[in-house]
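Residues per chain are reported as follows:
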Amino acid sequence: MTDPVGLVLSGGGARTAFQVGVLKAISQWMETDELPFKVVTGASAGSINAAYLAANADQFKFAVQQLTNMWGTLTSKQVYSSEILSINHFKTLMNVFNKMRKGMKSTNSVLTALPLAKLLKDQIDFDRIEHCLEKKYLNSLAVTATSFQNSMSTTFVQSNENIFWERVRRTGVEERIKVKHLMASTAIPFLFPPVKINNEFYGDGSLRNFAPLSPAIRCGAKSLIVVGIREIEDSKLVEKKQLSFGDIFSKILNTILFDSLDVDNERLTRINQTIKNTGKKSRLKNIDTIIIRPSVDFREMVKEFDYETPLILNKLLRLLGSKNNGDLKSYLMFEPGYLNALIDQGYKDAHAYKARIIETLNKKALE
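Treat the numbers as computed from the prediction; the structure is a model and nothing was measured. (Residues numbered from 1 in each chain as written. Predicted model: local features only at pLDDT ≥ 70, side-chain atom pairs only at ≥ 80, totals over all residues. Heavy atoms only, no water.)

*Asks:* What should I look at first to understand the nonpolar core in this one?
*Replies:* When a protein is soluble and globular, its nonpolar side chains tend to lie buried together. In this structure, Phe-37, Trp-71 and Leu-141 are the most contacted members of the largest nonpolar core, which totals 91 residues. For this core, the element with the highest residue contribution is helix 1 (residues 17-29), accounting for eight residues. Contacts of Trp-71, omitting those with residues within four sequence positions, involve Gly-13, Ala-14, Thr-16, Ala-17, Val-20, Asn-49, Phe-334, Leu-339 and Ile-343. In terms of nonpolar packing, the next biggest core, distinct from the first, is built from 16 residues, Val-39, Cys-219, Val-226 and Ile-287 among them. (Core = buried A, V, L, I, M, F, W, Y, C linked by side-chain atoms within 4.5 Å. Buried < 20%, exposed > 50% of the residue type's maximum accessible area, 1.4 Å probe, protein only. Helix = DSSP H or I, 4+ residues; strand = E, 2+ residues; numbered from the N terminus. Contact = heavy atoms within 4.5 Å.)

*Asks:* What should I look at first to understand helix 2 (residues 46-55) in this one?
*Replies:* Counting buried residues along helix 2, 10 of its 10 residues qualify, which places the element largely inside the surrounding structure. Buried residues of helix 2: Gly-46, Ser-47, Ile-48, Asn-49, Ala-50, Ala-51, Tyr-52, Leu-53, Ala-54 and Ala-55, and no others.

*Asks:* I would appreciate a short explanation of the packing of helix 1 against helix 3 (residues 60-72) in the present structure.
*Replies:* With their axes 9 Å apart at the nearest point, helix 1 and helix 3 run at an angle of 150° to one another. Overall, the two elements helix 1 and helix 3 adopt an arrangement that is roughly antiparallel. Along this stretch, helix 1 crosses helix 3, giving a crossing that reads as left-handed. Where helix 1 approaches helix 3, its residues Ala-17, Val-20, Leu-23, Lys-24, Ile-26, Ser-27 and Gln-28 are matched on the opposing element by Phe-60, Lys-61, Val-64, Leu-67, Thr-68 and Trp-71. Grouping the amino acids of the contact of helix 1 with helix 3 by side-chain chemistry returns eight nonpolar, three polar and two charged. (Axes fitted to C-alpha atoms, helices over the stretch in contact; angles between N-to-C directions. Parallel < 35°, antiparallel > 145°, perpendicular 65-115°, else oblique. Left-handed = near helix turned anticlockwise from the far one by under 90°. Nonpolar A, V, L, I, M, F, W, Y, C, P; charged D, E, K, R; others polar.)

*Asks:* How do you make sense of the packing of helix 2 against helix 3 when you look at a structure like this?
*Replies:* The relative placement of two packed helices comes down to the angle between their axes together with the axis-to-axis distance. Relative orientation of the contacting elements helix 2 and helix 3 amounts to 145°, with a least axis distance of 9 Å. For helix 2 against helix 3, the interelement crossing comes out right-handed. In this structure, helix 2 uses Ile-48, Asn-49, Tyr-52 and Leu-53 to contact helix 3, whose residues at the interface are Phe-60, Ala-63, Gln-66, Leu-67, Met-70 and Trp-71. Of the residues belonging to the contact of helix 2 with helix 3, the class tally is eight nonpolar, two polar and no charged.

*Asks:* Sorry, what's going on with empty space enclosed by the protein here?
*Replies:* Over the atoms rolls a probe the size of a water molecule, and its path tells where empty space is left. A full pass over the atoms with the stated rule returns three cavities of 30 Å³ or more. Size it by volume and the second largest cavity reaches roughly 50 Å³. Contributing to the lining of the second largest cavity are Ser-153, Thr-155, Trp-165, Arg-170, Thr-171, Asn-209, Ala-211, Ser-214 and Pro-215. Considering only residue class, the lining of the second largest cavity consists of three nonpolar, five polar and one charged. (1 Å grid on protein atoms, 1.4 Å probe; cavity = no way out; pocket = protein on both sides within 12 Å on 5 of 7 lines; lining within 4 Å. Points joined across faces, edges and corners; volume = space filled by probe spheres on them.)

*Asks:* Explanation requested: the packing of aromatic side chains in the structure shown.
*Replies:* Any two aromatic rings considered together are summarised by their centre-to-centre distance and by the angle between their planes. Taken as a whole and assessed by the stated rule, the structure comprises eight aromatic pairs. With a centroid separation of 6.2 Å and 75° between ring planes, the pair formed by Tyr-80 and Phe-334 is classed as edge-to-face. Note that Tyr-80 is positioned in the loop between helix 3 and helix 4 (89-102) and Phe-334 in the loop between helix 12 (326-332) and helix 13 (336-350), a separation of 254 residues in sequence. Overall, the relative accessible area of 2% leaves Tyr-80 in the buried class. Each residue in the set Trp-71, Tyr-80, Phe-192 and Phe-334 is aromatic and connected to the rest through ring pairs, giving one cluster. One cation-aromatic arrangement involves Arg-15 over Tyr-331; the distance from NZ or CZ to the ring centre is 4.4 Å. When the ring centre of Tyr-347 is taken as origin, the NZ or CZ atom of Lys-24, which lies over that ring, is 5.4 Å away. (Phe/Tyr/Trp six-rings, centres within 6.5 Å; stacked < 30°, edge-to-face > 60°. Lys NZ or Arg CZ within 6 Å of the ring centre and 35° of its normal.)

*Asks:* Explain the confidence of the model for the protein chain to me, please; I cannot follow it from the model alone.
*Replies:* When pLDDT is low, close inspection of the predicted coordinates is not appropriate. Of the residues in the protein chain, 80% have a pLDDT of 70 or more, and the chain-wide mean is 85. Taken element by element, the protein chain is modelled with least confidence in helix 4, mean pLDDT 54, and with most confidence in helix 13, mean pLDDT 98. In the predicted structure, residues 363-367 sits below a pLDDT of 50 and forms 13 contacts with residues beyond four places in sequence or in another chain. (pLDDT = per-residue confidence, 0-100.)

Printed below as a string of structure tokens:
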């Protein structure tokens, strides 16, 4: 019996479609239709793909096909809407002011994600997660969100084992994964409202997720395949006379969604090297990790699809003073042309890691 392999899916809004392309390639290399990952974890938008795979762990190829169809036909109106944004910029500002003055509940976000909640409810059969666990097609599904009350990174784990952990500012608790957990994990602060679970409000899972690789390891994974959304090399520095609020907000998003993955992988690499150098028995085990990254800059890619930009996104970018901000647009552009380009890029980039992935999964590729 091979050691369990963990799949770690990070967040990145619309950019997360890249993960589907990677999964599409892997599904074509597999001889069997069973999910090759016994542990699946996700944070932020990566939690959506993670839950979908877990609910269809007995039919991996079908799951990837359905994910491809879902992401490839997605539109922004199926993901978010807004009662605040208006065609008239002055009216938008007045709406924001009035919401704050009246103290209405919706003042904690510009957008609402109710369309996404409906989409996930229609697309994912959450009861099948337990079925796949019982049939041993899957060992664990873990979805990470951030508690605003406790400033705690909380990983909700549905597993066929008793799993719990508590470390500084992060914990893992058993919970049956439902729509609300995915909505909490994807709730980017200020853009989307927090989600209440067990009397606590939760937001985006990447906020305090300083150890994004940890949930998969704590759920028993002995090696990891990680699908990141940041390109291999950052683009060259672009000089600007001043920074808009949107520029600053996009950089905060970059820090939230990406930097912790690199830091945690560096920490894991040091641990592996320490284990190798000591040559003695230890509670610590070597964890091999493959991080699949895009070879292109999505900030540049999204510019090719400016013609797809929906009115609501244009209004949001204008409100933030970042109409031409490729960072924010690459996160929030849920439109078919751009999303399919991301899927195609993921499929293409996965092939650079093909030999290592197949070796890790201990499978033979279909020629």
